[in-house]
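Here's the letter readout for the chains.
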Amino acid sequence: AQSVTQLGSHVSVSEGALVLLRCNYSSSVPPYLFWYVQYPNQGLQLLLKYTSAATLVKGINGFEAEFKKSETSFHLTKPSAHMSDAAEYFCAVSDRSSNTGKLIFGQGTTLQVKP
Amino acid sequence: DTAVSQTPKYLVTQMGNDKSIKCEQNLGHDTMYWYKQDSKKFLKIMFSYNNKELIINETVPNRFSPKSPDKAHLNLHINSLELGDSAVYFCASSPTETYGYTFGSGTRLTVV
């Protein structure tokens, strides 16, 4: 069965600092992986995804993530944090065994950006 | 022209009542989903329909019943509401497994 674990429920960075949000996955088949962002009182928005093409994936708002099979990781990074990046971030893996498109989400990481 | 729209956005109701949440997507996607987000922001899938056919029916109380009159609509009906049903309910749609989801803005249900 597929699963994801996000290390760190809360991450705090200063404006302009590197953002690193960690995600590790477990999957018995090659995974499809996603990062979503949720701003307060809004729905989730897709940031980027890995679906077995390039292992370094670039997304919206300057975010990128690297798929590392050997480490079963898909960490999200951004070189320089903006105040507007403060939000909840979710890593997700597609449950490919069910063939339903079902996404299994991690517990979420709250990103705080300090001025 | 919102891609995935849910109504209502907020719903406050008393225990024991029956309520419905509606979802519509204008993206032409074949598959729609209902997720529940609890107070700790954990997202758990409830149901999914592919072109009006139920394909995911997770372990949820049978007080919850989805209905999909056509592939653009997926509604959620909840009978005999309980305090523990208070949460944010998200509708989402997707065309393929690799595309990812497009989410609605959520319905915050508060049972008092």
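Each remark here, short or long, concerns the structure printed above.
The sections below set out a description of the structure shown in this document. Computed from a predicted model, the values in this text were never measured in an experiment.

1. Regarding the overall build of chain A
Now for step 1: Along chain A, the regular secondary structure elements total zero helices and 11 strands.
Now for step 2: Relative to the compact-globule value of 13 Å for 115 residues, chain A shows a C-alpha radius of gyration of 14 Å, a close match.
Now for step 3: Taken over the C-alpha atoms alone, chain A extends approximately 45 × 30 × 20 Å along its principal axes.
Now for step 4: For chain A, buried positions account for 46% of its 115 residues.
Now for step 5: Intrachain contacts of chain A at a sequence separation of at least 6 include 57% that bridge at least 24 residues.
Now for step 6: Split by element, the accessible area of chain A, about 5,200 Å² in all, is 51% carbon and sulfur.
Now for step 7: Looking at charge distribution, chain A has the averaged site of its 9 positive side-chain charges lying 5 Å from that of its 7 negative ones.

2. So, the sheet that holds strand 3 (residues 19-25) of chain B
Residues and elements named next belong to chain B.
Now for step 1: Taken together, four strands build an open sheet; the order of strands is 1-3-8-7 and the sheet is antiparallel. Each edge of the sheet is formed by a strand with only one pairing partner; in this case those strands are strand 1 (4-7) and strand 7 (64-70). Strand-to-strand twist of the sheet, defined as the mean angle between neighbouring strand axes without regard to direction, takes the value 15 degrees.
Now for step 2: Note that strand 7 and strand 8 (residues 73-78) share five bridges and pair antiparallel. Within the sheet, the bridge partner assigned to Ser65 lies in strand 8 and is His77.

Analysis parameters
Residues numbered from 1 in each chain as written. Chains lettered and ligands numbered in written order. Predicted model: local features only at pLDDT ≥ 70, side-chain atom pairs only at ≥ 80, totals over all residues. Heavy atoms only, no water. Helix = DSSP H or I, 4+ residues; strand = E, 2+ residues; numbered from the N terminus. Rg over C-alpha atoms; globule rule 2.2 N^0.38 Å. Buried < 20%, exposed > 50% of the residue type's maximum accessible area, 1.4 Å probe, protein only. Contact = heavy atoms within 4.5 Å. Areas by Shrake-Rupley, 256 points an atom, 1.4 Å probe, with all protein chains shown as cover. Lys, Arg positive; Asp, Glu negative; His and termini not counted. Charge placed at Lys NZ, Arg CZ, Asp CG, Glu CD. Pairing = 2+ DSSP bridges. Axes fitted to C-alpha atoms, helices over the stretch in contact; angles between N-to-C directions.

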